[in-house]
Amino acid sequence: MPHGHRAAVLTLAALALVTGGAPARANLRAPVILDRPASTGLMLLSGEATLRRAGLAARCDGERCSLRATYEVHAASAERCVFALLVPEGAIGRTVRVNGKEVRVASLPFVPRSPREKELVPQRPLLGKLVRAAFEATLPAGTSRLELSYAQGLSAEERGHGYFSKGRFLHRLEQHLWPLKGWTLAPDFDLAVEVRLPRSRPGWWKRTFGKVRTFRCVRGDGQYKPESPLGAQAPSQQGEELVFAIRLGRAIPDRLTCSFGDDDLLR
């Protein structure tokens, strides 16, 4: 073998030993993944109230969603009730109103109260802890309205990355709704969900040659069952927003997940 060929072979062999025989993998890195804790629907810890209506509205922009959850609660007679939900520690702009009046909220360390809660609430301590936001209210006889507002950071997963290049991100909003199943539900109980994404209507050029930002929502039930579409309708353009709205009635999913990103990443 000529000296030049022999030197080239030895060089390739040395590279194979250094890279484990797969030099292509040396140009890859792990994707960036931010797995943030999710909030939950409202729990009734003490009292005999009935849940008549529930609504969840989310407006998601960039890496955060502004959430507003509303509940119509019926009490047969005036009584003191204790409510709670799980939220990420340090949730921004957290307020609770009962019949229009703001009430004080206590933040308690999260300790699972039941085997089901321990099973269904994922712990993600690296990117934030969950706290139990609890409050008390004396409900008058009849129907009361509870309104909860706060902002929740989104989880993110990088796609199409390289060693020297950034990829694109899928952002994810996750909301656990299984606590609503612990209430006494009215026979005509209804759960309404609305998700909004600020987005100008894309023109022909962007739809043909560019990337169009959109989102998709799915439901999940149990810990291991696969997720399934949340209704048959896709989000629709309404003015300067992309909007998805659905009424689920009593078909409450254990969790709701909405993923936001370029349309080709969600196909």
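Along each chain, the written sequence defines residue order, and numbers are assigned to residues from 1. Per-residue local features are limited, in this predicted model, to residues with pLDDT of at least 70; the limit for side-chain atom pairs, both in listing and counting, is 80 or more; totals at the level of whole chains, interfaces and linings are taken over all residues. Heavy atoms from the whole structure form the basis of all side-chain values; hydrogens and water molecules are not counted.

Caption draft 1: Up close: the overall build of the protein. The helix and strand inventory of the protein stands at three helices and 19 strands. Burial statistics for the protein: of 267 residues in total, 42% are counted as buried. Long-range pairs, those at least 24 residues apart, make up 80% of the contacts in the protein between residues at least 6 apart in sequence. Note on areas: Shrake-Rupley, 1.4 Å probe, and residue coverage restricted to the protein chains presented here. Summing over all exposed atoms, the protein offers an accessible surface of approximately 14800 Å²; the carbon and sulfur share of this is 55%. The way it works is that DSSP assigns letters per residue, a run of H or I at least four long becomes a helix, a run of E at least two long becomes a strand, and they are numbered from the N terminus. Each residue is placed in one exposure class: buried if its accessible area under a 1.4 Å probe, protein chains only, is under 20% of its type's maximum, exposed if it is over 50%, and partly exposed if it falls in between. Here a residue-residue contact requires only that any non-hydrogen atoms of the pair lie within 4.5 Å.

Caption draft 2: Structural view of unusual backbone geometry. Its identity is not glycine, yet N99 carries a phi of approximately 50°, on the positive side. Tracing the backbone through its elements, the reader meets N99 in the loop between strand 7 (92-98) and strand 8 (101-102).

Caption draft 3: The arrangement of the packing of aromatic side chains in detail. Think of it this way: a Phe, Tyr or Trp ring, Trp meaning its six-membered ring, pairs with another when their centres are within 6.5 Å, and the plane angle makes it stacked under 30 degrees, edge-to-face over 60, tilted otherwise. Under the defined criterion, the tally for this structure stands at four aromatic pairs. Here the aromatic rings of F83 and W183 are separated by 6.1 Å at their centres, their planes lie at 20°, and the arrangement is stacked. Placement of the pair is F83 in strand 6 (residues 79-88) and W183 in the loop between strand 13 (168-176) and strand 14 (184-198), with a sequence separation of 100 residues. For the pair formed by F83 and W183, the shared burial category is buried.

Caption draft 4: Spotlight on the pairing of strand 14. Any two strands between which DSSP finds at least two bridges are classified as paired. Here strand 4 (residues 50-61) runs beside strand 14; their pairing, made up of nine bridges, is parallel. Looking at the pairing, R59 lines up with R196 of strand 14. In this structure, strand 14 lies alongside strand 18 (residues 241-247), joined through seven bridges in antiparallel fashion. Looking at the pairing, R196 lines up with V243 of strand 18.

Caption draft 5: Inspection of the environment of E136 at higher detail. In this fold, E136 is placed in strand 10 (residues 130-139). With relative accessibility at 45%, the residue E136 sits in the partly exposed group. The spacing of E136 and A84 is 52 residues in sequence and 8.8 Å in space, taken between C-alpha atoms. In this structure E136 touches R80, C81 and V82, once residues within four positions along its chain are discounted. Within the structure, E136 has its side chain in polar contact with the side chain of R80 (distance 3.4 Å). Here a polar contact is taken to be a pair of N or O atoms separated by no more than 3.5 Å, where protein atoms must pair a possible hydrogen donor with a possible acceptor and residues adjacent in sequence count only if both atoms sit in side chains.

Caption draft 6: The arrangement of the sheet that holds strand 6 in detail. Read across the sheet, four strands follow the order 3-6-10-9 without closing on themselves; strand pairing throughout is antiparallel. On the outer flanks of this sheet lie strand 3 (43-46) and strand 9 (106-109), each paired with one strand and no other. If you compare each strand with its neighbour and ignore which way they point, the axes differ by 35° on average. Where strand 6 and strand 10 come together, 10 bridges link them in antiparallel fashion. Axes, fitted as lines to C-alpha atoms, cover a helix only where it is in contact. Angles between the N-to-C directions of the axes lie from 0 to 180 degrees.

Caption draft 7: How the structure looks around the confidence of the model for the protein. Across the chain, each position has a pLDDT score giving the predictor's confidence in that residue, from 0 to 100. Confidence in the prediction for the protein averages 85 pLDDT; 87% of positions are at 70 or higher. Scored below 50 in pLDDT, residues 3-24 makes four contacts in the model with residues more than four places away or belonging to other chains.

Caption draft 8: Region of the structure containing the pattern of salt bridges. Criterion for a salt bridge: a side-chain nitrogen of Lys or Arg within 4 Å of a carboxyl oxygen of Asp or Glu. Overall, the coordinates contain 16 salt bridges when judged by the stated rule. The salt bridge involving E157 is made with R159; its shortest N-O contact spans 3.3 Å. Note on R159: relative accessible area 32%, which makes it partly exposed. R247 is the salt-bridge partner of D190, the closest N and O atoms lying 2.5 Å from each other. Of this pair, D190 sits in strand 14 while R247 sits in strand 18, placing them 57 residues apart in sequence. Given the relative accessible area of 13%, D190 is considered buried. Relative accessible area serves as the criterion here: at 60%, R247 is assigned to the exposed category. In the salt-bridge network here, residues are joined through shared partners; they are R59, E194, R196 and E241.

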